[in-house]
Structure formats: structure tokens, C-alpha cells
Amino acid sequence: MTHKRVRTAIFPVAGLGTRFLPATKGTPKELLPVIDTPLIQYAIDEAREVGVERMIFVSHPSKAAIEHYVMDDARLRATLVDHGKSDLAHELEEAALDTRDCEVIFVTQPEPRGLGDAVACARPHLLDGPVAVILPDDLILGTPGCLREMVDAYDRGKAGHLVAVMEVPKALTGRYGILSVTAEDGRFVQASGIVEKPEPDKALSQMAVVGRYILDPVVFDALAQQAPGAGGEVQLTDAITISSVKAGVAGFRFSGRRFDCGSKQGMLAATLFLARDDPAYAEVFEEYLAPEDIAPVG
Ligand code: G1P
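A brief look at the structure comes next. (Residues numbered from 1 in each chain as written. Predicted model: local features only at pLDDT ≥ 70, side-chain atom pairs only at ≥ 80, totals over all residues. Heavy atoms only, no water.)

1. So, unusual backbone geometry
Moving on, step 1. Between Leu21 and Pro22 the backbone carries a cis peptide bond, its omega angle lying at 5°.
Moving on, step 2. Following Thr143, the chain continues into Pro144 via a peptide bond in cis, with omega recorded as -5°.
Moving on, step 3. Here Pro144 lies in the loop between β7 (138-141) and α7 (146-156).
Moving on, step 4. Even without a glycine there, the phi angle at Lys197 is positive, about 50°. (Helix = DSSP H or I, 4+ residues; strand = E, 2+ residues; numbered from the N terminus.)

Given below as C-alpha cells:
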């Protein structure tokens, strides 16, 4: 099978982020930072690294701050320059998604009907060829980025759907899409399908999907007919499985380090992981992370 270029990336960002309330009452969870960089920025950087031509954000009307964040803010940059902060102004310009190298489209998911439904909302705006889906909650740190590795692997693989996978403890299968593994071949994991969040005693493997997908467009035909699945939501996992009869599905073991930033523990772990190698925070670690030095509160 000859694969075409991945030209479109979809970012499902409509979720209400209830696990991070009250912070997410005023700030979308995708804008919560790991140190100073919002989660969405890491996701965007991965998509940029593979040169996608169009980014589609499937959002919610209450989350207009995401649009504000990803677009250029010329007035803010001018103010920074006036205050002698040209470097910062330049950094913001570089990070902003402007129309020179990539089109940006925001669509609304009318109802919170699940990840599959969110991805389906992007359908009218797709460029041709396979499509990347990036879940910003899943922060994956590594060089090259996870999506870069997957795009490179995609042409070598035989499956139309390629999903990022990692092995998880058996007790945790109920949190992930789990591959029905048929064979392993280096970093590729061949599968006959994916089951969404099976209980440990029902899981056919411990090979879990994390939030990076390269999908053959046939998945959108399956999504169009998709009934709600696990948790009463329209599951992307189910549409991948159904359309894998035509396209094939495989997992790809990425090399980066993944943090579940949909959880507070994951956010803290990612923050510590990034900070510990940065001399700017050495003193903080010395002062606060030697247990004997932490005075009891109160
Ligand atoms: C989603 C997918 C699931 C996948 C997970 C990775 O679930 O439905 O298959 O394993 O992302 O983070 P969610 O965590 O959004 O419930």
C-alpha cells in the first residue's frame, strides 16, 4: 500500500476538563502549563515537526481562549517590543500559528458525545490523504517527536491506521484502548482491532493506545454510522476497529516519554521531569525536594 502525506492534524479540545476544576473554570485544560508552556503548544509543535498543512481544532464555545492562544497577537508583541522585550516578542511570533505555513480551522463540537464524535466534526475540512489526531492531554516528550516517528514509520508499515502504543500494567487496561494483538514486528504491533477500556480480566493484551493516531480517511465513513460505545460515547476506537477491515490497524511503539496530563499526577510528573534537568530550578529542588528540609505545614 502506498501512503500519502499526512497533511491534516486534528486536535480534539472540546472536553470540559472537570478533573482540573476549579482551574479549568476559567482556563481550558489544554492551556494549563507544564512550567511555562501550555499543553496545546507541545501538541502543535509535534504537528509542525511533520509539516502538516492544516490544523483543525475541535473546540467548545466556552474555550475561546484556545483560539486566542494559538493565533498571533500583534498588539501584545508590539507592547513587548516597546518594553525592550524583543526576544519574547519573537518567541511568541514563532509559536503563533499564522497562515504562512499552516491553515488553522476551529470547529465546534455541538454536544460532548465522545472522542469519535469530536474527530468526525472535522470531516468537512480535511485535506486528502491520511489524517493525524493528537490528544494534547497525552504529553509525549522526546526527540524526534512522537508524530514524527509515526509519520516515518507509516510508510514502512502495512496498516492504514497507525496508533501510538505503550505497554501498561494489567490493572490499568480499563483506562485505555487496548489492542487485540496478532503479531509483533520490531516497533510495530499488528492487531485485529482495538477494544475501548476493557476491564483487566477482559483485556486481550496490555498494549495500550495513547493519544497519537494516523488514520486512513475510511475511518470517517465508520464514524458517520457509529453508535455510542463504551461509556455511552461515540468512540474513535470502535470506528478504527470497524474500518480496519479495509485499512488494517497497527500499533507503533514510540520512543518518547508519555505523561498523562489529563491527571494531576501526570502534570506534576511532567513538570518535575522537565524541571530537574534545568539548572534554573536547581535551587528549588535543593530547597523543597529533600524531604528532611520540608517543614510541616501549619
Ligand atoms: C482516549 C481514547 C483511548 C486512549 C486514551 C489515551 O481515552 O478513547 O482509547 O487509550 O485516550 O489517552 P480518554 O483518555 O480520552 O478517555
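2. Description of the nonpolar core
Grouped burial of nonpolar side chains is what soluble globular proteins tend to show.
Moving on, step 1. Counting 36 residues, the largest nonpolar core has Phe11, Ile44, Met55, Phe57, Leu162 and Ile214 as the members making the most contacts within it.
Moving on, step 2. The greatest single-element share of this core, amounting to 6 residues, is contributed by α7.
Moving on, step 3. Not counting chain neighbours up to four residues away, the residues in contact with Ile214 comprise Val6, Pro130, Val131, Ala132, Leu147, Met150, Val151, Tyr154, Gly160, His161 and Leu162.
Moving on, step 4. The next biggest cluster of nonpolar side chains, apart from the first, holds 31 residues, and it includes Cys121, Val165, Ala191 and Ala222. (Core = buried A, V, L, I, M, F, W, Y, C linked by side-chain atoms within 4.5 Å. Buried < 20%, exposed > 50% of the residue type's maximum accessible area, 1.4 Å probe, protein only. Contact = heavy atoms within 4.5 Å.)

3. Section: the layout of surface pockets
Moving on, step 1. Estimated volume of the largest pocket: approximately 1100 Å³.
Moving on, step 2. Lining the largest pocket are 38 residues, with Arg19, Lys29, Leu135, Asp137 and Lys197 sitting closest to its centre.
Moving on, step 3. Of all elements in the fold, only α6 (115-120), β11 (207-215) and β13 (257-260) reach the threshold of two or more residues within the lining of the largest pocket.
Moving on, step 4. By residue number, the principal contributor to the lining of the largest pocket is β11, which donates 4 residues.
Moving on, step 5. Approximately 480 Å³ is the volume found for the second largest pocket.
Moving on, step 6. For the lining of the second largest pocket, the leading source of residues is helix α5 (residues 86-95), giving 4 residues.
Moving on, step 7. When its residues are assigned to classes, the lining of the second largest pocket shows 9 nonpolar, 3 polar and 5 charged. (1 Å grid on protein atoms, 1.4 Å probe; cavity = no way out; pocket = protein on both sides within 12 Å on 5 of 7 lines; lining within 4 Å. Points joined across faces, edges and corners; volume = space filled by probe spheres on them. Nonpolar A, V, L, I, M, F, W, Y, C, P; charged D, E, K, R; others polar.)

4. A few points about the site of the ligand
Moving on, step 1. The environment of the ligand is formed by 13 residues, the closest being Asp138, Gly177, Glu196, Lys197 and Val209.
Moving on, step 2. Note that an oxygen atom of the ligand is positioned 2.6 Å from one of the side-chain N or O atoms of Lys197.
Moving on, step 3. Comparing atom positions with the cavity grids shows the ligand to sit within the largest pocket.
Moving on, step 4. Residue contributions to the shell around the ligand peak at 3 residues, all from β11.
Moving on, step 5. When grouped by side-chain class, the residues that make up the shell around the ligand number 6 nonpolar, 3 polar and 4 charged. (Near = heavy atom within 4 Å. Polar contact = N/O pair within 3.5 Å; in protein donor to acceptor, adjacent residues only side chain to side chain. Sits in = over half its atoms within 2 Å of the grid points.)

5. Considering helix α9 (residues 236-247)
Moving on, step 1. Every buried residue of α9 is listed here: Leu236, Thr237, Ala239, Ile240, Ser243, Ser244 and Ala247. Within α9, the buried residues cover an arc of 150° as seen down the axis, which keeps them to one side. Pointing more than 90 degrees away from the buried face of α9 are the exposed residues Ile242 and Val245.
Moving on, step 2. Close packing links the buried residues of α9 with α6, β8 (161-167), β10 (188-196), β11, α8 (218-224) and β12 (249-253).
Moving on, step 3. A positive phi of about 85° marks Gly248, the residue just after α9. (Arc of directions from axis to C-beta.)

6. Details of the pattern of salt bridges
Working definition: two side chains of opposite charge can pair if their charged atoms are close together.
Moving on, step 1. Scanning the entire structure with this criterion turns up 17 salt bridges.
Moving on, step 2. Salt-bridge contacts for Arg5 lead to Glu53; the nearest nitrogen and oxygen are separated by 3.1 Å. With Arg5 in the segment before β1 (8-12) and Glu53 in the loop between α2 (39-49) and β4 (54-59), this residue pair connects regions lying 48 residues apart in the sequence.
Moving on, step 3. A single network of salt bridges, built from pairs that share partners, joins Arg5, Arg7, Glu53 and Asp128. (Salt bridge = Lys/Arg side-chain N within 4 Å of Asp/Glu carboxyl O.)

7. Remarks on the packing of aromatic side chains
Moving on, step 1. Within the structure shown, the criterion is met by 4 aromatic pairs.
Moving on, step 2. Measuring from ring centre to ring centre gives 4.7 Å for Phe11 and Phe57, while their planes differ by 10°; the resulting arrangement is stacked. Here Phe11 is found in strand β1, whereas its partner Phe57 is found in strand β4, with 46 residues between them in sequence. Summarising the burial analysis for this pair, Phe11 and Phe57 share the class buried.
Moving on, step 3. Ring geometry for Phe259 versus Phe273: centroids 5.3 Å apart, planes at 50°, classification tilted. Here Phe259 is found in strand β13, whereas its partner Phe273 is found in helix α10 (residues 264-275), with 14 residues between them in sequence. Taken as a pair, Phe259 and Phe273 share a single burial class, namely buried. (Phe/Tyr/Trp six-rings, centres within 6.5 Å; stacked < 30°, edge-to-face > 60°.)

8. Looking at empty space enclosed by the protein
Moving on, step 1. The final tally for this structure, using the stated rule, is 1 cavity of 30 Å³ or more.
Moving on, step 2. Its volume calculated, the largest cavity comes out at about 30 Å³.
Moving on, step 3. As for the largest cavity, its lining consists of Ile178, Leu179, Ser180, Val195, Pro198, Lys202, Ala203 and Leu204.
Moving on, step 4. Considering each element in turn, the lining of the largest cavity owes the most residues, 3 residues, to strand β9 (residues 177-185).
Moving on, step 5. A per-class count over the lining of the largest cavity returns 6 nonpolar, 1 polar and 1 charged.

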